[in-house]
Amino acid sequence: MRTGWHDARRCWRRAGRLGLLLILTLTLSGCLGLVRPGSAPGAGSVTGAVKIVSPGAAGEPERALDHRAEVHPLSLRGALPQAGPRVGERSAAGPSFEYLVGSGLDETASSLAEQVRPLGFIYEKEASPGVHVVRDARRRGPLEAISQLERLPGVAWAGENGRAEPAGGGFDPLAADQWALSAIRAFDAWTVASAAGVVVAVVDTGIDFTHPELDDPDLWVTGWDAESGGPYGYDAFRPEQADAHGTAVAGIIGAVAGNGVGGRGVAPGVRLLPVRVIFRDSGEDDVIAGIREAARRGAQVINLSLRVSAWSRPSYQCSPAMAQALDEVLQAGIVVVAAAGNDGGHLACPASHPGVIAVGAFDREGKVPFYSAGGPDLDLVAPGGGGGSCVLTLKTGGGFDCGTGTSFAAPHVAGAVALMLGRGFPQDPESVRALLHMTAIRPDGAPALRDDRMGYGRLDVYGAVSTGIPRIMVVEKSAGRLLVHAETRAGTGGLYQVTGVPEGRWTVAGWVDVDGDGAVSPGDYYGEAGPVAVRPGRSLVGGADLTLRPYDGSPLQVTAGP
């Protein structure tokens, strides 16, 4: 029997999950508009859940534009070929979704902006006299977008705004083989975000700092070694033997992009803080000390691709000392990401700890492999391989390898969090976790918001960096205006409860003000549910779940109600 305050917290968390399942059951069974007595006299409340769907987020992961199908993933052992791009090959990064538009000199920026807005384009700037830059909020195919722009009056020509990169070594020849980057839409995310300056701690084994993908002083912050008790890192003490595990995890997060070697990491511009806690005869105390030391040295994100277990307790149960260390760093605003485990059962500690982002794995087909641990506390899944596929990783000595496991899924999420923080999201672990939940991709036709095998879905980095925590508003909608009578913000799992709702029939609206102009406008994320009927002192459960997508209608002004 499990006892202690930590188990009590887990019970409360699971009770919350059961509440979510109850809401979903009522919604799916057609019991919409069900009301029950509330506790607040004179006002009602509305409860539901939110999912954010960014453009192109289909039920199955996207493929890399160039698979190099003649190379089977499981054969990627040792140094891989350093092949450059083929003649006529399109960029592995995919479309830019930005377009250059040529117009007459008498065509003003404001008039062009008015012309492109109804088509779902956002005017960015005038690049030079008569040449303008617009962005496609709907992220259509480039040929379709160009065709629509060229049909506009006053437009002489339109073409894609291509990416610029240095000639000679400014590419990563194996990036196209990184199916994982395509599956999580990292290429798209890099068009709007970077992890410049964000510090991610790799609490793991030793790292090969001489690997060409890691041999860059700008990549590293001096870390700590639990064995010696002193500094550890690129310009500090290094043990004689590096280890492939820590090297692989570090490479997934921050392998240097554009250096003409290998692939690239999830988080361009990131700073890595190495903390060596796994070595011969290391123990739980070393991991606990490493977590605290990572926080002390400035980590904003901590990646734990490891498990801690003891014979005298279940593998999913963290000790009070481990739980206290994790609580301390979470309360300090540090985001903690951990691997779910590879035994196919319960989440391992530290992934099982409340507040830690627990990450399972999916394979190249978007399926959860047999080994990936799960349960009610699993947050989401990320590329980890399985079913005949694996993840491109670094190996000691400068080569490349192919790994499988949740150890390699977790750093994909840690890199995504670094991009989110670099984009400017507040460093609030629960808000970061909530946004990952809301933007995760569910399979086509999946009836539930989450399940124990894949949590809230597959990691979508682009969705996470291009949106934000939505405002949930109970509104009166009329002629280009939303009159807000009550509101809140969505939280963990996308769940929300709007309280203090006056009696009446209302629309429930979810909104992310992407451009910050204070109005619901093209490029923002928006969705509605209702009308819903609210009675005094009653709570509306079900019928108000929201799906937010890019808005492409006429602007809606948002004002406070009486």
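Residues numbered from 1 in each chain as written. Predicted model: local features only at pLDDT ≥ 70, side-chain atom pairs only at ≥ 80, totals over all residues. Heavy atoms only, no water.

Section: the state of the cysteines
Now for step 1: Considering all chains together, one arrives at 2 disulfides under this definition.
Now for step 2: Disulfide partner of Cys 318: Cys 349, at an S-S distance of 2.0 Å. Judged by the torsion about the S-S bond (115°), the Cys 318/Cys 349 disulfide is right-handed. Residue Cys 318 is located in the loop between strand S11 (301-304) and helix H8 (320-331), and its partner Cys 349 is located in the loop between strand S12 (335-339) and strand S13 (357-362); the two are separated by 31 residues in the primary sequence. No difference in accessibility class separates Cys 318 from Cys 349, as the two residues are buried.
Now for step 3: Between the sulfur of Cys 390 and that of Cys 402 lies a disulfide, 1.9 Å long from S to S. Every disulfide takes its handedness from the sign of the S-S torsion; for Cys 390 and Cys 402 that torsion is 95°, giving right-handed. One end of the pair, Cys 390, is in the loop between strand S14 (380-383) and strand S15 (391-394); the other, Cys 402, is in strand S16 (residues 400-403), with 12 residues separating them in the sequence. (Disulfide = S-S within 2.5 Å. Helix = DSSP H or I, 4+ residues; strand = E, 2+ residues; numbered from the N terminus. Buried < 20%, exposed > 50% of the residue type's maximum accessible area, 1.4 Å probe, protein only.)

A word on the packing of helix H6 (residues 244-254) against helix H9 (residues 406-423)
The angle between the axes and the distance between the axes are what describe a pair of packed helices.
Now for step 1: Where H6 meets H9, the closest approach of the two axes is 8 Å, and the angle between their N-to-C directions is 35°. The element H6 and its partner H9 pack so that their crossing is right-handed. On the side of H6, the interface is formed by His 245, Ala 248, Val 249, Ile 252 and Ile 253, while H9 contributes Ser 407, Phe 408, Pro 411, His 412, Ala 414 and Gly 415.
Now for step 2: Residue classes in the contact of H6 with H9 are distributed as 7 nonpolar, 4 polar and no charged. (Axes fitted to C-alpha atoms, helices over the stretch in contact; angles between N-to-C directions. Left-handed = near helix turned anticlockwise from the far one by under 90°. Contact = heavy atoms within 4.5 Å. Nonpolar A, V, L, I, M, F, W, Y, C, P; charged D, E, K, R; others polar.)

Topic: the confidence of the model for the protein chain
Now for step 1: Averaged over the protein chain, the pLDDT score is 81; the fraction of residues at 70 or greater is 81%.
Now for step 2: Here strand S1 (residues 34-37) is the element of the protein chain with the lowest mean pLDDT, 32, and S11 is the one with the highest, 98.
Now for step 3: The low-confidence segment residues 1-12, where pLDDT is below 50, has 19 contacts with residues more than four positions distant or belonging to other chains. (pLDDT = per-residue confidence, 0-100.)

Thoughts on the sheet that holds strand S5 (residues 131-136)
Now for step 1: With antiparallel pairing, 4 strands are arranged side by side in an open sheet as S4-S5-S3-S6. Every other strand in the sheet has two partners, leaving strand S4 (121-128) and strand S6 (155-160) as the edge strands with one partner each. With strand direction ignored, the average angle separating the axes of adjacent strands in the sheet is 25°.
Now for step 2: Across 5 bridges, the pairing between strand S3 (residues 98-103) and S6 is antiparallel. (Pairing = 2+ DSSP bridges.)

Topic: the packing of helix H7 (residues 284-296) against H8
Now for step 1: Contact geometry for H7 and H8: axes closest at 10 Å, N-to-C directions at 10°. Classified by the interaxial angle, the pair formed by H7 and H8 is roughly parallel. Here Glu 284, Val 287, Ile 288, Ile 291, Arg 292 and Ala 295 of H7 lie close against H8, whose contacting residues are Ala 321, Met 322, Gln 324, Ala 325, Leu 326, Glu 328 and Val 329.
Now for step 2: Of the residues assigned to the contact of H7 with H8, the class counts are 9 nonpolar, 1 polar and 3 charged. (Parallel < 35°, antiparallel > 145°, perpendicular 65-115°, else oblique.)

A short note on the sheet that holds strand S7 (residues 199-204)
Now for step 1: One open sheet accounts for 8 strands, arranged S9-S8-S10-S7-S11-S12-S13-S14; its pairing is mixed. Each of the sheet's edge strands pairs with one partner strand only, and the pair in question is strand S9 (230-232) and S14. Neighbour-to-neighbour, the strand axes of the sheet open up by a mean angle of 30°, direction not taken into account.
Now for step 2: Bridge count between S7 and S11: 3 bridges; the pairing is parallel.

Here we look at the packing of aromatic side chains
Now for step 1: Going through the model one piece at a time under the given rule, you end up with 7 aromatic pairs.
Now for step 2: Each ring, one from Phe 187 and one from Trp 190, has its centre 5.2 Å from the other, and the planes form 80°; the classification is edge-to-face.
Now for step 3: Look at Phe 187 and you get buried, because its relative accessible area is 8%.
Now for step 4: Ring centres 5.5 Å apart and planes at 65° place the aromatic pair Phe 209 and Tyr 232 in the edge-to-face group. Of the two residues, Phe 209 is situated in the loop between S7 and strand S8 (223-225) and Tyr 232 in strand S9; the sequence distance between them amounts to 23 residues.
Now for step 5: Judged by relative accessible area, Phe 209 falls into the buried class, the value being 1%. (Phe/Tyr/Trp six-rings, centres within 6.5 Å; stacked < 30°, edge-to-face > 60°.)

Here we look at the side chain of Arg 139
Now for step 1: Counting through the fold element by element, Arg 139 comes out in the loop between S5 and helix H3 (142-150).
Now for step 2: A polar contact of 3.2 Å, which involves the side chain of Arg 139, links it to the side chain of Tyr 462.
Now for step 3: Those residues in contact with Arg 139 that sit more than four places away from it in its chain are Pro 55, Phe 97, Asp 188 and Tyr 462. (Polar contact = N/O pair within 3.5 Å; in protein donor to acceptor, adjacent residues only side chain to side chain.)

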